[in-house]
Amino acid sequence: MLDPHDLVEVYETSDLTPGERPVLVHALRGFVDAGSASSLAVSTLLAELENEPVARFDADQLVDYRDRRPRMTFRTDRFDAVTMPEILVHAVRDAAGRPFLVLSGPEPDLQWERFTAAVRLLAERFDVRMVVGLHGIPWAAPHTRPVGLTPHASDRSLIAGRPRWIGEVEVPGHVGALLEQRLGQAGLPTVGFTAHVPHYLAQADFPPAAIALLEALGETADLELPTGPLVAASKDVLAEVDRQVAGDEDTRSAVTAMEHTYDAVLAGRALEGPGLLAPSLPADEMPDGDELAADLEAYLRGLDASGDDRDRPWAPEDPAAPEGGATPEGTAAPADEATPDDAAVDGEERDDPEGESRG
């Protein structure tokens with residue numbers, strides 16, 4: 001492996017002082033991020049809180065430009081501008097003045113082990129006390145219910161009291177998961193939170209998922225984080241979705257069915273954690289664990305085999321790409337949402353959106 005020191009440039013900073021031991025938050029775009037959950041969370045943090053860049057990764061070595069082409073502007077008779085991807089670490093202060101670091105940008109296409117080693121070097125340099133990852137996935141849940149989270153950690157005690165949603169399953173890797181594993185193996189406490197975004201809204205911005213991520217981050221890392229702008233945006237988004245659902249009988253029936261299923265599954269899955277009920281569904285109505293795992297693997301194999309241009313702001317627009325997420329089988333999408341097949345959705349193949357969300 002090439003020297004990871006050469007992959008990242010660290011800036012001089014006055015914002016971090018010895019002994020403060022910040023938390024490192026990572027939210028790299030590229031692997032699903034349904035509802036732009038982690039992207040919205042990061043943009044809110046950087047817009048609302050005092051921050052400064054403290055490190056920059058060499059994206060030229062990490063990003064495959066032929067797969068994710070930078071956006072260029074042609075004006076009249078010349079190429080006038082280009083937007084190149086950036087992978088940055090910002091030092092941020094929460095509302096109480098406590099420091100934390102935010103690693104954001106596109107997920108590297110190349111040199112994952114070297115990138116992970118470079119992040120570990122940064123964690124050591126800044127004396128990081130905990131690493132937290134943020135993510136969003138499509139979930140078979142209606143927008144009328146609270147956003148759930150799948151927690152994961154290097155040590156179960158870090159997410160004590162939070163439910164487990166699945167046993168063992170193999171899934172395509174992503175850098176966020178590799179960071180969690182490798183840094184955990186190096187002795188750093190690592191935690192991750194994956195927001196459950198209604199699968200029929202996965203291609204749109206869904207602020208409630210970003211709120212759920214920030215609340216979990218704040219609770220776990222003891223940080224006071226802003227959610228006000230997201231709360232306001234959530235009201236507008238949910239009101240618009242309600243309006244569209246109310247205007248289509250098939251979609252309204254599908255959402256109502258999901259509400260009943262969601263409530264029954266939550267009551268009957270015997271998920272581990274306080275406040276979750278013991279199984280109460282008849283045996284023939286209980287979800288089959290092997291079937292759920294098989295669905296999940298099939299869906300994620302589809303993601304792994306296809307391209308992924310989601311959440312890549314420099315990628316060229318595809319006028320043929322659907323704007324909306326997948327809707328339940330046999331239903332119509334809201335008026336301004338396209339209804340794709342189970343095949344490619346903005347570069348991602350989805351064999352089973354409900355199965356993927358259980359990973």
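Residues numbered from 1 in each chain as written. Predicted model: local features only at pLDDT ≥ 70, side-chain atom pairs only at ≥ 80, totals over all residues. Heavy atoms only, no water.

*Asks:* Could you clarify how one ought to interpret helix H1 (residues 37-48) in this entry?
*Replies:* An α-helical turn contains 3.6 residues, so any two residues separated by three or four positions project in the same direction. An ideal rise of 1.5 Å per residue puts 16 Å on twelve residues; H1 measures up with 17 Å between its terminal C-alpha atoms. Taken residue by residue, H1 has Ala-37, Ser-38, Leu-40, Ala-41, Val-42, Thr-44 and Leu-45 as its buried positions. (Helix = DSSP H or I, 4+ residues; strand = E, 2+ residues; numbered from the N terminus. Expected span 1.5 Å × (residues − 1). Buried < 20%, exposed > 50% of the residue type's maximum accessible area, 1.4 Å probe, protein only.)

*Asks:* Would you explain the environment of Asp-67 in this entry?
*Replies:* Of note, Asp-67 is situated in the loop between helix H2 (59-62) and strand S4 (71-75). Relative accessible area serves as the criterion here: at 37%, Asp-67 is assigned to the partly exposed category. Residues Asp-67 and Asp-109, spaced 42 residues apart in sequence, show a C-alpha to C-alpha distance of 9.0 Å.

*Asks:* Teacher, can you tell me more about the sheet that holds strand S1 (residues 8-10) here?
*Replies:* Strand pairs in the sheet, formed through backbone hydrogen bonds, run parallel or antiparallel to each other. Pairing in this open sheet of eight strands is mixed, and the strands run S1-S3-S6-S7-S2-S8-S10-S9 from one edge to the other. The sheet is open, and its two edges are formed by S1 and strand S9 (149-153), each paired on a single side. If you compare each strand with its neighbour and ignore which way they point, the axes differ by 25° on average. Pairing of strand S8 (residues 130-139) with strand S10 (residues 190-198), which is carried by nine bridges, proceeds in the parallel orientation. Paired with Pro-138 across the two strands is Val-197, which belongs to S10. Relative to the sheet, H1 contacts strand S2 (23-29), strand S3 (51-57), strand S6 (87-93), strand S7 (99-106), S8 and S10, its axis offset from that of S8 by approximately 135°. In the packing of helix H5 (residues 207-221) onto the sheet, contacts are made with S2, S8, S9 and S10, and the angle to S10 comes to roughly 160°. (Pairing = 2+ DSSP bridges. Axes fitted to C-alpha atoms, helices over the stretch in contact; angles between N-to-C directions. Contact = heavy atoms within 4.5 Å.)

*Asks:* What's the story with the pattern of salt bridges in this structure? I'm lost.
*Replies:* Close approach of charged atoms allows side chains with opposite charge to pair. Overall, the coordinates contain 15 salt bridges when judged by the stated rule. Between Arg-162 and Glu-219 there is a salt bridge, and its shortest N-O distance comes to 3.1 Å. Of this pair, Arg-162 sits in the loop between S9 and helix H4 (175-185) while Glu-219 sits in helix H5; the two residues are 57 residues apart in sequence, bridging distant segments of the chain. Taking relative accessible area as the criterion, Arg-162 reaches 18% and is therefore assigned buried. (Salt bridge = Lys/Arg side-chain N within 4 Å of Asp/Glu carboxyl O.)

*Asks:* What is the right way to read the packing of H5 against helix H6 (residues 228-246) from this model?
*Replies:* In a pair of packed helices, the angle between the axes and the distance between the axes together describe the arrangement. Relative orientation of the contacting elements H5 and H6 amounts to 150°, with a least axis distance of 8 Å. Between H5 and H6 lies a crossing whose hand is left-handed. Of H6, the residues touching H5 (which contributes Pro-207, Pro-208, Ala-210, Ile-211 and Leu-214) are Leu-230, Val-231, Ala-233, Ser-234, Val-237 and Leu-238. (Left-handed = near helix turned anticlockwise from the far one by under 90°.)

*Asks:* So what exactly am I meant to see when it comes to H4 here?
*Replies:* Taken together, the buried positions of H4 are occupied by Val-175, Gly-176, Leu-178, Leu-179, Glu-180 and Leu-183. Buried residues along H4 sit against S2, S7, helix H3 (112-125), S8, S9 and S10. Positive phi shows up at Gly-187, right after H4, with a value of about 100°.

*Asks:* Hey, could you run me through the packing of aromatic side chains in this one?
*Replies:* Where two aromatic rings form a pair, the distance of their centres and the angle of their planes describe that pair. By the definition in use, this model includes two aromatic pairs. With 4.8 Å between their ring centres and 50° between their planes, Phe-57 and Phe-115 make a pair best called tilted. One end of the pair, Phe-57, is in strand S3; the other, Phe-115, is in helix H3, and 58 residues separate them in sequence. A centroid spacing of 5.1 Å and a plane angle of 70° characterise the contact between Phe-74 and Phe-79, whose relative ring orientation is edge-to-face. You can call Phe-74 partly exposed: its relative accessible area is 49%. Judged by relative accessible area, which is 60%, Phe-79 ranks as exposed. (Phe/Tyr/Trp six-rings, centres within 6.5 Å; stacked < 30°, edge-to-face > 60°.)

*Asks:* Please explain the nonpolar core as it appears in this structure.
*Replies:* A general tendency of soluble globular proteins is for nonpolar side chains to be buried together. Phe-100, Val-132, Leu-134, Phe-193, Leu-217 and Leu-225 are the most contacted members of the largest nonpolar core, which has 44 residues in total. Sort the elements by how many residues they give to this core and H5 lands first, with nine residues. Non-local contacts of Leu-217, meaning those with residues more than four positions away in its chain, are made with Val-25, Val-132, Leu-134, Phe-193, Asp-222 and Leu-225. Formed by 26 residues, the second largest nonpolar core is a distinct cluster that contains Phe-57, Leu-101, Val-128 and Leu-179. (Core = buried A, V, L, I, M, F, W, Y, C linked by side-chain atoms within 4.5 Å.)

*Asks:* Quick question: what am I supposed to make of the packing of H3 against H4 here?
*Replies:* Orientation of H3 relative to H4, taken along the N-to-C sense of each, is 55°, at an axis distance of 10 Å. Comparing their axes, H4 and H3 come out oblique. In the crossing of H3 with H4, the sense of the turn from one axis to the other is right-handed. Counted together, Trp-112, Glu-113, Phe-115, Thr-116, Val-119 and Arg-120 of H3 and Val-175, Leu-178, Leu-179, Arg-182 and Leu-183 of H4 form the full contact between these two elements. (Parallel < 35°, antiparallel > 145°, perpendicular 65-115°, else oblique.)

*Asks:* Just to check I follow, could you spell out the pairing of S4 for this structure?
*Replies:* Taken residue by residue, a regular strand's side chains alternate between the two faces of the sheet. As judged from the five bridges shared by S4 and strand S5 (residues 78-83), these two strands associate in the antiparallel manner. Across the sheet, residue Met-72 finds its bridge partner in S5, namely Val-82. Hairpin geometry of S4 and S5 is characterised by an intervening segment of two residues between the two adjacent antiparallel strands and by a positive phi of about 65° at Thr-76.

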